[in-house]
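# Fold and geometry: a report
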Amino acid sequence: NKHSKQMTQSIENDPSSPETRRYSSFTPQYSRFRHPPSLSVTTPYNRQYSHIYTCRLNQLRPRILSSLPPSPSKKSSLTDRVIDLREGLDSLVIGTLVKTEDEGEETLVLEDESGRVALLDPSSDDDDDKILNPADLATGVVMGVRGTVRSDGVLVVRQTYLPSLPPID
């Protein structure tokens, strides 16, 4: 490498330098992981699954609504979008579950096309009847969640709803 030879020579020629430092040559290997320019320009990778999640959510929302138990207040507490949730109100919202990990702790988030809300299970960690156990859930599950939003924006979950099975033809 021409540059490293010049650096070694300049150090060797400097009388104030007590030691000679050798430079090794290095050829980076990360270029094999780069996409060809034509692919990286035309393919956005930052939202590659969003269209699938949105489509699945729109397909399963009616099946979740049909699986809800009959209740006179069912319509009044249904919130159409995550962004429409209000603090202190008992609400039901339908979205796609996302598991995130922060410092080794798994967090569950419900999202739709309008936004995200963090979910909190009020049960203790020792409780066998947890409403939301991250080990039993996977990212991408479409579900309904009933609960109340706290002042910090976290939805405290009281009940969950999964889509009903499709009708058999």
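Residues numbered from 1 in each chain as written. Predicted model: local features only at pLDDT ≥ 70, side-chain atom pairs only at ≥ 80, totals over all residues. Heavy atoms only, no water.

This part takes up the overall build of the protein. Along the protein, the regular secondary structure elements total four helices and six strands. Shown N-terminal to C-terminal, the secondary structure of the protein runs as helices and strands in the order α-α-α-α-β-β-β-β-β-β. Within the span of the protein, comprising 169 residues, buried residues form 27% of the whole. (Helix = DSSP H or I, 4+ residues; strand = E, 2+ residues; numbered from the N terminus. Buried < 20%, exposed > 50% of the residue type's maximum accessible area, 1.4 Å probe, protein only.)

Turning our eyes to something else, we now look at the pairing of strand β4 (residues 115-120). Where strand β3 (residues 105-112) and β4 come together, five bridges link them in antiparallel fashion. Bridging across to β4, Asp112 finds its partner in Gly115. Between the antiparallel neighbours β3 and β4 lie two residues. Strand direction decides the pairing type here: β4 and strand β6 (residues 155-161), joined by two bridges, are parallel. Across the sheet, Leu119 pairs through a bridge with Leu155, a residue of β6. (Pairing = 2+ DSSP bridges.)

With that settled, the discussion passes to the environment of Val156. Among the structural elements, Val156 can be located in strand β6. Taking the C-alpha atoms as reference, Val156 lies 6.5 Å from Pro122; in sequence the two are 34 residues apart.

On the surface, Glu101, Asp102, Glu103 and Glu105 cluster together to form a negatively charged patch. On the secondary structure map, Glu101 appears in strand β2 (residues 90-102). Look at Glu101 and you get exposed, because its relative accessible area is 59%. (Patch = residues over 30% accessible without salt bridge, like charges linked within 9 Å, V, L, I, M, F, W, Y side chains within 5 Å. Areas by Shrake-Rupley, 256 points an atom, 1.4 Å probe, with all protein chains shown as cover. Salt bridge = Lys/Arg side-chain N within 4 Å of Asp/Glu carboxyl O. Lys, Arg positive; Asp, Glu negative; His and termini not counted. Charge placed at Lys NZ, Arg CZ, Asp CG, Glu CD.)

Core analysis: the largest hydrophobic core is formed by 15 residues, its most contacted members being Leu110, Val117, Leu119, Leu132, Val145 and Leu155. Elements that contribute at least two residues to this core include exactly β2, β3, β4, β5 (142-149) and β6. Residues in contact with Val117, not counting those within four places in the same chain, are Val82, Leu85, Leu108, Val109, Leu110, Gly153 and Leu155. (Core = buried A, V, L, I, M, F, W, Y, C linked by side-chain atoms within 4.5 Å. Contact = heavy atoms within 4.5 Å.)

When its volume is computed, the largest pocket comes out at roughly 320 Å³. If you trace the largest pocket, you find 15 residues lining it, with Glu105, Glu106, Leu119, Leu120 and Asp121 closest to the centre. Sorting the residues of the lining of the largest pocket by element identifies β3 and β4 as the ones contributing at least two each. Looking at the lining of the largest pocket, its residues break down into seven nonpolar, two polar and six charged. (1 Å grid on protein atoms, 1.4 Å probe; cavity = no way out; pocket = protein on both sides within 12 Å on 5 of 7 lines; lining within 4 Å. Points joined across faces, edges and corners; volume = space filled by probe spheres on them. Nonpolar A, V, L, I, M, F, W, Y, C, P; charged D, E, K, R; others polar.)

To continue, consider the pairing of β3. Looking down a regular strand, the side chains alternate between one sheet face and the other. As judged from the seven bridges shared by β2 and β3, these two strands associate in the antiparallel manner. Paired with Leu97 across the strands is Leu110, a residue of β3. The loop that links β2 with its antiparallel partner β3 comprises two residues; one of these, Glu103, has a positive phi angle of about 55 degrees.

Mapped onto the fold, Val82 is located in the loop between β1 (78-79) and β2. Setting aside its immediate chain neighbours within four residues, Val82 contacts Val93, Leu110, Glu111, Asp112, Ser114, Gly115, Arg116 and Val117.

For the rest of this paragraph, the subject is the confidence of the model for the protein. Here the protein averages 78 in pLDDT, and 66% of its residues register 70 or above. Helix α1 (residues 2-13) is the least confidently modelled element of the protein, averaging 50 in pLDDT, while β5 averages 94, the highest of any element. (pLDDT = per-residue confidence, 0-100.)

Glancing now at the pattern of salt bridges. Going through the model one piece at a time under the given rule, you end up with seven salt bridges. The network of salt bridges with shared partners includes Asp90, Arg146 and Arg158.

Once that is clear, we can look at helix α3 (residues 50-67). Between the first and last C-alpha of α3 there are 25 Å, a value that for 18 residues agrees with the 26 Å anticipated at 1.5 Å per step. Taking the largest bend as the criterion, α3 deviates by roughly 35 degrees, centred on Leu60, and proline Pro62 comes between one and four positions later. When we look at burial in α3, the residues that qualify are Leu57, Leu60, Arg61 and Ile64. Tucked inside the fold, the buried residues of α3 contact β2, β3, β5 and β6. (Expected span 1.5 Å × (residues − 1). Bend = angle between axes of the 7 residues up to and from the residue.)

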